[in-house]
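Topology and contacts: notes
If you want the building blocks of each chain, they are given just below.
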Amino acid sequence: MYPRAFRYHRAATIQEASTLLSQLGEEAELLAGGQSLIPLMKLRFANPAHLVDLGFIPDLSFIKDDGETLRFGPMTRHAEIDHSSVASKIPIVHDCAAGIADVQIRNRGTIGGSLAEADPSGDWANVLLTLDTQLRVANSHGERTIPLSDFIKDAYTTELAHDELITEILVQKPGQNTGGAYFAFKRTAPVYPTASVAVQLTMAGDTCTDASIILGCVGLTPVKAKDAESALRGNPMNGRALISAIEAARSAADPQPDMRGSADYKRQVIASLTKRAIEAAAARARGEQVNVSHLYA
Amino acid sequence: MPETIEKVPITVKVNGKSYTRSVEPRMLLVEFLREALDLTGTHIGCDTSYCGACTVLFNGTTAKSCTMFAFQADRSEILTVEGLEKNNELHALQKAFGDSYGLQCGYCTPGILMSTYQLLSETRNPSEKEIRKAIAGNTCRCTGYQNVFKAIRAAAAQGIGETR
């Protein structure tokens, strides 16, 4: 179906996009890669009166290594991150980029668009919340930096003011003896996951010294599984710690029953993904090469 | 429409030929190709970004043309299934699909061909897993995919990715 008619505005700079948003008001939406927004507009769930197109602003797509930090441009496509040797320095980032939807959607969808949309079933926020991630945002008056952990307020709701845009995503590289992994379970490639789990661990020998575990698709926002993290932190990585963490993750999940499965089924998927993600993250922390990809029914 | 919406002038190169048109902002790229340019090889299947029948090459990588607005293609290059054949001769990739019975009703075929085109442009000898991942965004309701995989393997064995 055709979207409802709207007016088109092509921004030449971030500042111009911000000014357009203030002038046009709440009826205006930003268009980044469009892989979520356009389907919503075609179903007429989203009916913006104005679209401000970011696609012709130069230099918004980049992946840079600043030593301590990887910097991503907001319009960097998932596929560019998937194929980037720089981005692969953080394996969990590659896991995410390589598994989102299908090739065609990864070629168009952007990391900034995904974060700004804050879809509870999105992938990027789960992964980047296990790392130290900061967002640079700007409007026509100035700039500020927001930690990703303060950015997502609710389903489809972020800290961004109406005239603010993400200008850069800063991800601190995890240090020595760390490893992360992201597993998402999907019924088929193009759809959103049924459930997903991101795990980032720091190990000292066989002992886990730090853990970050985020569950996706099982709450209005990404769920930080604090009890699961505590079950691992300070403990030897053995069967007992693993089982405690899995059960804590299962309890932390608060899924809604829908076409992707019942609440109990989704908790079971979370438990299974948590086990795989912890094991893969621990193996990577030991320096082993582990291939991780989204799982299909 | 309740009021007049200003059209957007765009210039797009499709299959090597440049077109300049004014499009309504809400016009989707697939409608632009099919209705404005009369290139009906690109199909509309699900119209919900799922099935991949509308897949085209957009500046060298695949995109679902039902999930792009025509204005996004301004100053870009597009290759559709019509652009594969040269001098009335089917592209070797198309021949491989015919030879391996990699299609039945053929509705999904233009999209699968474009996804395969990107795969073989990037990967000379794709593994079974790479083949499956490359066309995971293309739905076929007839073949059960086995002959599609066979066609892609046959095309890869001929070194099709290197020819263009």
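A quick note: this is a predicted structure, and the numbers were derived from the prediction, not measured.

**Thoughts on the interface of chain B and chain A**
For an interface, size is often stated in terms of accessible area lost upon the parts coming together. The interface of chain B with chain A comprises 25 residues on the first partner and 23 residues on the second. Mapped by element, the contributors of at least two residues to the side of chain B that touches chain A are strand 4 (61–64) and helix 3 (109–122) of chain B. A per-element tally of the side of chain B that touches chain A places strand 4 of chain B first, with four residues.

**Remarks on the domain arrangement of chain B**
Residue and element names in this part refer to chain B. Splitting chain B by domain gives domain 1 (8–83) and domain 2 (92–159). The straight-line distance from the C-alpha centre of domain 1 to that of domain 2 is 21 Å. Every contact between the two is made by 15 residues of domain 1 and, on the other side, 12 residues of domain 2. Secondary structure elements with two or more residues in the side of domain 1 that touches domain 2: strand 3 (55–58) and strand 4. At three residues, the largest contribution of residues to the side of domain 1 that touches domain 2 is made by strand 3. Of the residues contributing to the side of domain 1 that touches domain 2, the split by class is seven nonpolar, eight polar and no charged.

**Notes on the sheet that holds strand 5 (residues 77–79) of chain B**
Residue and element names in this part refer to chain B. Strand order across the open sheet formed by five strands is 2-1-5-3-4, with mixed pairing between neighbours. Among the strands making up the open sheet, the edge pair consists of strand 2 (17–23) and strand 4. Neighbour-to-neighbour, the strand axes of this sheet turn through a mean angle of 40 degrees, independent of strand direction. In this sheet, strand 2 lies alongside strand 1 (residues 8–14) in antiparallel orientation, the contact comprising seven bridges. When the sheet's bridge partners are listed, V12 is paired in strand 2 with Y19. Against the sheet, helix 3 makes contact with strand 3 and strand 4, and its axis sits at roughly 35 degrees relative to strand 3, the strand it touches most.

Quick notes on the rules
- Residues numbered from 1 in each chain as written.
- Chains lettered and ligands numbered in written order.
- Predicted model: local features only at pLDDT ≥ 70, side-chain atom pairs only at ≥ 80, totals over all residues.
- Contact = placed C-beta atoms within 7 Å.
- Helix = DSSP H or I, 4+ residues; strand = E, 2+ residues; numbered from the N terminus.
- Domains from an automatic or database assignment.
- Nonpolar A, V, L, I, M, F, W, Y, C, P; charged D, E, K, R; others polar.
- Pairing = 2+ DSSP bridges.
- Axes fitted to C-alpha atoms, helices over the stretch in contact; angles between N-to-C directions.

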